[in-house]
Amino acid sequence: MYGHAGAFEQFDRYLHLADLVIGAAGAGEHLLTRERVRDVLRKRKQAPIFLIDLAVPRCFAPEINELDNVYLYDIDDLQA
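Reference entry: report on the structure contained in this document. These figures come from a predicted structure and were not determined experimentally.

**Let's talk about helix α2 (residues 34-43)**
So, point 1. The complete set of buried residues in α2 reads Val37, Val40 and Leu41. One side of α2 carries all its buried residues, which in axial view fall inside an arc of 100 degrees. Among the exposed residues of α2, those oriented more than 90 degrees off its buried face are Arg42 and Lys43.
So, point 2. Immediately beyond the C-terminal end of α2, within one or two residues, lies Lys45, with a positive phi of roughly 55 degrees.

Dropping the structure here:
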């Protein structure tokens, strides 16, 4: 197993390599969108990716969960 915490400026460079992405940014907008993840899935050849959004408000767009092979969980899911 391998983990890497990287600078946000390098996020796109490494995103397609990740099987698990944890977000906890206090951003005013979604840092990860459905379109961005769709592009990542193409690079991953549709390999599953797991996303955990710990931020409030959310930093990953909820529509991401509509994509096949994407598993998005937020803080409410983890609490349940």
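**A few points about the environment of Asp53**
So, point 1. Residue placement: Asp53 occurs in strand β2 (residues 49-53).
So, point 2. When the C-alpha atoms of Asp53 and Val21 are compared, they prove to be 8.3 Å apart, with 32 residues separating the residues in sequence.
So, point 3. Residues within four places of Asp53 in sequence aside, it is in contact with Gly23, Arg58, Cys59, Phe60, Leu72, Tyr73, Asp74 and Ile75.
So, point 4. At a separation of 2.9 Å, a polar atom in the side chain of Asp53 contacts the main-chain amide nitrogen of Cys59.
So, point 5. Reaching out from Asp53, the side chain makes a polar contact with the backbone nitrogen of Phe60 at a distance of 2.8 Å.

Each value, and the rule that gives it
Residues numbered from 1 in each chain as written. Predicted model: local features only at pLDDT ≥ 70, side-chain atom pairs only at ≥ 80, totals over all residues. Heavy atoms only, no water. Buried < 20%, exposed > 50% of the residue type's maximum accessible area, 1.4 Å probe, protein only. Helix = DSSP H or I, 4+ residues; strand = E, 2+ residues; numbered from the N terminus. Arc of directions from axis to C-beta. Contact = heavy atoms within 4.5 Å. Polar contact = N/O pair within 3.5 Å; in protein donor to acceptor, adjacent residues only side chain to side chain.

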